[in-house]
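This is what each chain is made of:
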Amino acid sequence: FMSLSFAAIIAGLFLTRYTSVAEIEMIIDDDGVKKRWLKQFPFQKKSNIKIDWEEIQEYNFEPDRQFDKFYIISKKGSEFKLTHNSYHEDDFRKFLRDFESRVKRNNSDSNPENDIFKSKNIYEGKTGLVLAGFGILVLLLFSSVIIFSDNKPRNFAGIGVVMIAIIYYIHQVYLHRNKSK
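Residues numbered from 1 in each chain as written. Predicted model: local features only at pLDDT ≥ 70, side-chain atom pairs only at ≥ 80, totals over all residues. Heavy atoms only, no water.

**Student:** If you had to explain the packing of aromatic side chains to someone new, which residues and values would you point to?
**Tutor:** In this structure the tally under the stated criterion is nine aromatic pairs. The interplanar angle of 35° and the centroid separation of 5.7 Å between the aromatic rings of Trp 53 and Phe 99 together place this pair among those described as tilted. Of this pair, Trp 53 sits in the loop between strand S3 (49-52) and strand S4 (56-62) while Phe 99 is found in helix H2 (residues 92-107), placing the two residues 46 residues apart along the sequence. With centroids separated by 6.1 Å and ring planes inclined at 35°, the aromatic side chains of Phe 95 and Phe 99 adopt a geometry described as tilted. (Phe/Tyr/Trp six-rings, centres within 6.5 Å; stacked < 30°, edge-to-face > 60°. Helix = DSSP H or I, 4+ residues; strand = E, 2+ residues; numbered from the N terminus.)

Okay, here's the thing in structure tokens:
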């Protein structure tokens, strides 16, 4: 029974690794942005997408430790989402740089009606600031419990992991808010 359970776990890990990845080709040209599916998820049949520069209202990029998120929002309200595995070797960062430089070039044209705006991600917005403030309060609370309490916590590792995650988040808010200035 134990070896069967172990085999099922290993099979599940390999299955998710090979079935949860899709391949796309992103093309930036004078007309707009195109997404062409090279390999889709199992049981999925999505069509290729093309968005003209004049249709794009704003975009957003949310970096994360595991999955980066990139959004394009059209003037009609439809949304194009792209989730990228940060550990996957590809040219996603090059696409992002090319897209942002193309947006700057388009925004420098004489027609401000077609300007494309970069919306704030969670680290740059008010929500990120509020969550960082809450994180600071939690850090102070945990620190005071560890230092001043007569009943010391039994699980320092758990508290340490939570504190490291909060510090990481506060650091991300600090970096992104200073970068956007």
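This is not the end of the story, as more comes after the structure.
**Student:** Report on the packing of helix H3 (residues 126-148) against helix H4 (residues 156-179), specifying residues and quantitative values.
**Tutor:** The axes of two packed helices give the description: the angle between them and the distance between them. Following both chains from N to C, one finds H3 and H4 inclined at 145°, their axes separated by 9 Å at the closest point. In the packing of H3 onto H4, the handedness of the crossing is left-handed. From H3, Thr 127, Gly 128, Leu 129, Leu 131, Ala 132, Gly 135, Ile 136, Val 138, Leu 139, Phe 142, Ser 143 and Ile 146 reach across to H4, where they touch Phe 156, Ile 159, Val 162, Met 163, Ile 166, Ile 167, Tyr 169, Ile 170, Val 173 and Arg 177. Counted by class, the contact of H3 with H4 contains 17 nonpolar, four polar and one charged residues. (Axes fitted to C-alpha atoms, helices over the stretch in contact; angles between N-to-C directions. Left-handed = near helix turned anticlockwise from the far one by under 90°. Contact = heavy atoms within 4.5 Å. Nonpolar A, V, L, I, M, F, W, Y, C, P; charged D, E, K, R; others polar.)

**Student:** Residues and numbers for the environment of Phe 67, please.
**Tutor:** Counting through the fold element by element, Phe 67 comes out in strand S5 (residues 67-74). Given the relative accessible area of 38%, Phe 67 is considered partly exposed. Considered as a pair, Phe 67 and Leu 82 are 15 residues apart in the sequence and their alpha carbons are 9.8 Å apart. Each residue touching Phe 67, except ones within four places of it in the same chain, is listed here: Glu 62, Thr 83, His 84, Asn 85 and Ser 86. (Buried < 20%, exposed > 50% of the residue type's maximum accessible area, 1.4 Å probe, protein only.)

**Student:** Can you lay out the nonpolar core for me, pointing to particular residues and giving the numbers?
**Tutor:** In terms of nonpolar packing, the biggest core is built from 16 residues, with Trp 53, Ile 56, Tyr 59, Phe 70, Ile 72 and Phe 99 touching the most fellow members. Of all the elements in the fold, those that place two or more residues in this core are S4, S5, strand S6 (79-85) and H2. Among the elements that line this core, the one with the most residues is H2, at five residues. Those residues within four positions of Ile 72 in sequence are excluded, and the remaining contacts are Ile 51, Ile 56, Glu 58, Tyr 59, Ser 78, Glu 79, Phe 80 and Phe 99. If you look at the next biggest cluster of nonpolar residues, it comprises five residues, including Val 138, Leu 139, Met 163 and Ile 166. (Core = buried A, V, L, I, M, F, W, Y, C linked by side-chain atoms within 4.5 Å.)

**Student:** Quick one: what's the story with the sheet that holds strand S7 (residues 117-118), residue by residue and with numbers?
**Tutor:** The strand order across the open sheet formed by four strands is S6-S5-S4-S7, and the pairing between neighbours is mixed. Edge positions in the sheet fall to S6 and S7, since each of these pairs with one other strand and no more. Direction of pairing for S4 relative to S7: parallel, over a ladder of two bridges. Bridge pairing in S7 links Glu 58 to Phe 117. (Pairing = 2+ DSSP bridges.)

**Student:** Which residues make up the side chain of Lys 35, and what values go with them?
**Tutor:** Along the chain, Lys 35 turns up in strand S2 (residues 32-39). For the buried Lys 35, no salt bridge exists, and the shortest N-O distance to an oppositely charged side chain is 11 Å, to Glu 79. (Lys, Arg positive; Asp, Glu negative; His and termini not counted. Salt bridge = Lys/Arg side-chain N within 4 Å of Asp/Glu carboxyl O.)

**Student:** Explain the sheet that holds S2 residue by residue, including any values.
**Tutor:** With antiparallel pairing, three strands are arranged side by side in an open sheet as S1-S2-S3. At either margin of the open sheet sits one strand with a lone partner, and together these are strand S1 (23-28) and S3. Taking the axes of each pair of neighbouring strands and ignoring which way they run, one obtains an average angle of 15° across the sheet. With four bridges connecting them, S2 and S3 associate as antiparallel partners. The residue bridging Gly 32 from the neighbouring strand is Asp 52, located in S3. Those strands touched by H2 are S1 and S2, and its axis lies near 25° from that of S1.

By themselves, these figures tell us nothing about what the structure is for.
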